[in-house]
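Chain by chain, the residues:
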Amino acid sequence: MKLSVLDQAPISKGNSPETTLQHTIELAQFTEQLGYHRFWVAEHHNTSGLAISSPEILMTRIAASTNRIRVGSGGILLPQYSPYKIAENAKTLTALFPSRIDIGIGNSPGGSPITQKALTDNHIKPIDDFYRQVSDLQGFMHNTLPRDHDYRLVKASPRIEQPPKLWLLGLTENGAKNAANLGIGFVFGHFINSKYSKIAMKTYYEQFKPSVSQTSPSTIVCIFVVCAETDEQAEALAVTQDKWLLNISKGLGTQVQPPSEINRDNYSNDDLEIIKKNRERCIIGSPNTVKSQLQRLSEQYQTDEFMIITNIYDFAAKQKSYQLLAEVMEIED
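Conventions and cut-offs
- Residues numbered from 1 in each chain as written.
- Predicted model: local features only at pLDDT ≥ 70, side-chain atom pairs only at ≥ 80, totals over all residues.
- Heavy atoms only, no water.
- Helix = DSSP H or I, 4+ residues; strand = E, 2+ residues; numbered from the N terminus.
- Rg over C-alpha atoms; globule rule 2.2 N^0.38 Å.
- Buried < 20%, exposed > 50% of the residue type's maximum accessible area, 1.4 Å probe, protein only.
- Contact = heavy atoms within 4.5 Å.
- Phe/Tyr/Trp six-rings, centres within 6.5 Å; stacked < 30°, edge-to-face > 60°.
- Expected span 1.5 Å × (residues − 1).
- Bend = angle between axes of the 7 residues up to and from the residue.
- Core = buried A, V, L, I, M, F, W, Y, C linked by side-chain atoms within 4.5 Å.
- Axes fitted to C-alpha atoms, helices over the stretch in contact; angles between N-to-C directions.
- Parallel < 35°, antiparallel > 145°, perpendicular 65-115°, else oblique.
- Left-handed = near helix turned anticlockwise from the far one by under 90°.
- Nonpolar A, V, L, I, M, F, W, Y, C, P; charged D, E, K, R; others polar.

## Describing the overall build of the protein chain
And step 1. Summing up its helical and strand segments, the protein chain has 11 helices and nine strands in all.
And step 2. At 19 Å, the protein chain has a C-alpha radius of gyration in line with the 20 Å of a compact globule built from 333 residues.
And step 3. Seen through its principal axes, the protein chain has C-alpha atoms that stretch 65 × 45 × 40 Å.
And step 4. When burial is assessed residue by residue, the protein chain has 54% of its 333 residues classed as buried.
And step 5. Sequence separation of 24 or more characterises 75% of the internal contacts of the protein chain that already satisfy a separation of 6 or more.

## Looking at the environment of Ala42
And step 1. Structurally, the position occupied by Ala42 is in the loop between strand S2 (38–41) and helix H2 (55–65).
And step 2. Note on Ala42: relative accessible area 2%, which makes it buried.
And step 3. Note: C-alpha distance between Ala42 and Gly72 (30 residues apart in sequence) is 8.9 Å.
And step 4. In this view, Ala42 contacts Leu6, Asp7, Gln8, Ile52, Pro55 and Gly74; residues no more than four positions away in its chain are not counted.

## Things to note about the packing of aromatic side chains
And step 1. This structure, assessed with the given rule, holds 10 aromatic pairs.
And step 2. For the ring pair Phe188 and Tyr301, a centre distance of 5.8 Å and an interplane angle of 40° mean the geometry is tilted. Residue Phe188 is found in strand S6 (residues 185–189), and its partner Tyr301 is found in helix H10 (residues 287–301); the two are separated by 113 residues along the sequence. Pair check on accessibility: Phe188 and Tyr301 agree, each one buried.
And step 3. An angle of 65° between the planes, with centres 5.8 Å apart, marks the rings of Tyr204 and Tyr205 as edge-to-face.

## Quick look at helix H6 (residues 173–182)
And step 1. Of the positions making up H6, those classed as buried are Gly175, Ala176, Asn178, Ala179, Ala180 and Leu182.
And step 2. Those residues of H6 that are buried lie in contact with helix H5 (130–142), strand S5 (165–170), S6 and helix H7 (197–207).
And step 3. Following H6 by one or two positions, Gly183 has its phi on the positive side, about 70°.

## Here we look at unusual backbone geometry
And step 1. Residue Gly75 follows Gly74 across a cis peptide bond; omega there is -5°.
And step 2. Tracing the chain through its elements places Gly75 in strand S3 (residues 70–77).
And step 3. Going from Ser157 to Pro158, the amide bond is cis rather than trans, its omega being 0°.
And step 4. Of note, Pro158 is situated in the loop between H5 and S5.
And step 5. Residue Asn46 is not a glycine yet carries a positive backbone phi of 55°.
And step 6. Residue placement: Asn46 occurs in the loop between S2 and H2.
And step 7. On the accessibility criterion, Asn46 (64% relative accessible area) is exposed.

## Topic: the side chain of Thr31
And step 1. By the element assignment, Thr31 lies in helix H1 (residues 17–34).
And step 2. What makes Thr31 buried here is its relative accessible area of 0%.
And step 3. Setting aside anything within four residues of it in sequence, one finds Thr31 in contact with Val5, Tyr36, Phe39, Ile69 and Tyr322.

## Some words on helix H8 (residues 231–249)
And step 1. Here H8 spans 26 Å end to end across 19 residues, near enough to the 27 Å set by a 1.5 Å rise per residue.
And step 2. Of all bends in H8, the biggest is about 35°, found at Ala238.
And step 3. Those residues of H8 that are buried are in contact with strand S7 (219–227), helix H9 (269–278), strand S8 (282–285) and strand S9 (305–309).
And step 4. Just beyond H8, the residue with positive phi is Gly251, at close to 70°.

## Notes on the nonpolar core
And step 1. Within the largest apolar cluster, 67 residues are counted, with the highest numbers of intra-cluster contacts made by Leu3, Tyr36, Ile103, Phe186, Leu294 and Leu325.
And step 2. Here this core gets seven residues from one element, more than from any other, and that element is helix H11 (residues 315–329).
And step 3. Counting 23 residues, the second largest nonpolar core, distinct from the first, contains Ala42, Leu50, Ile220 and Ala228.

## As for the packing of H6 against H7
And step 1. The geometry of H6 relative to H7 is characterised by a closest axis approach of 8 Å and an angle of 20° between their N-to-C directions. It follows from the interaxial angle that H6 and H7 lie roughly parallel. Relative to H7, H6 is oriented so that their crossing is right-handed. Residues Glu173, Ala176, Lys177, Ala179, Ala180 and Asn181 of H6 pack against Ile199, Ala200, Thr203, Tyr204 and Gln207 of H7.
And step 2. Residues of the contact of H6 with H7, tallied by class, amount to six nonpolar, three polar and two charged.

Take it as geometry only, folks, not as evidence of what the structure does.
Here you go:
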């Protein structure tokens with residue numbers, strides 16, 4: 001089984017964005033040493049609690065600070081940008097760091113309606129236009145746009161021989177179908193919502209069509225994990241992630257609070273129900289507990305790669321969580 005990392009760079013209360021981004025670079029270096037396969041960074045806008053708004057820039061810094069680990073986006077918000085410009089950024093990154101770049105793309109609006117308007121300069125694309133945009137991006141990457149395409153004579157530079165791998169991030173059967181029909185990789189966001197996991201993965205494998213991008217299906221499942229020496233210690237760490245997810249659901253901000261500010265006795269019954277529901281997106285426990293649950297999910301999803309996201313308050317504890325998981329899974333890149 002391969003293990004990878006998704007970092008949203010949540011800002012722990014008391015830390016600055018600068019410190020948080022430095023922690024992201026340190027985490028990439030640390031997980032590379034542990035044998036993790038990929039290190040991806042997210043994209044969020046108009047928030048004071050998440051530090052990454054430009055994954056391509058951060059990817060360049062991470063790739064320059066590491067040697068082997070694949071570096072990617074999880075994911076670039078394609079509807080807000082030009083497929084042509086994303087292709088040029090992606091190919092530039094790959095020219096600088098050959099065979100190490102992944103381009104994960106998503107269909108998120110990027111934030112509130114007014115944020116989306118600011119991102120697109122008020123030129124919002126139709127929701128049902130996403131498939132066309134992904135297809136165009138793939139065409140620009142590989143110089144395979146149809147002859148009757150309006151931009152067939154426009155080439156994405158630099159003209160590298162091997163473009164980066166393209167992945168589509170999805171939560172539903174429709175996302176899986178898009179990835180399968182285009183013949184690109186599929187990342188299922190279990191950490192967001194696992195409701196359609198079985199049908200999405202089944203659809204992707206059954207409908208996959210070989211393409212210029214890849215000849216066989218490839219999948220990643222992204223999931224929250226908090227790992228510590230014992231189940232009890234993991235639970236103690238996870239209360240900060242629980243609170244963070246609860247606050248997001250209630251629109252109360254996205255900074256990660258320290259354990260000293262969290263009192264479970266102050267939660268309402270509705271709060272406890274939300275936390276319980278959120279736990280369906282997570283694996284929390286000792287190394288053996290986490291290992292057994294990942295193995296079960298691997299069989300359920302029919303995937304051999306998990307992308308791990310750990311949004312707890314303490315950075316050293318986050319590093320330790322990734323270390324314990326790497327050791328118990330005996331990963332080798």
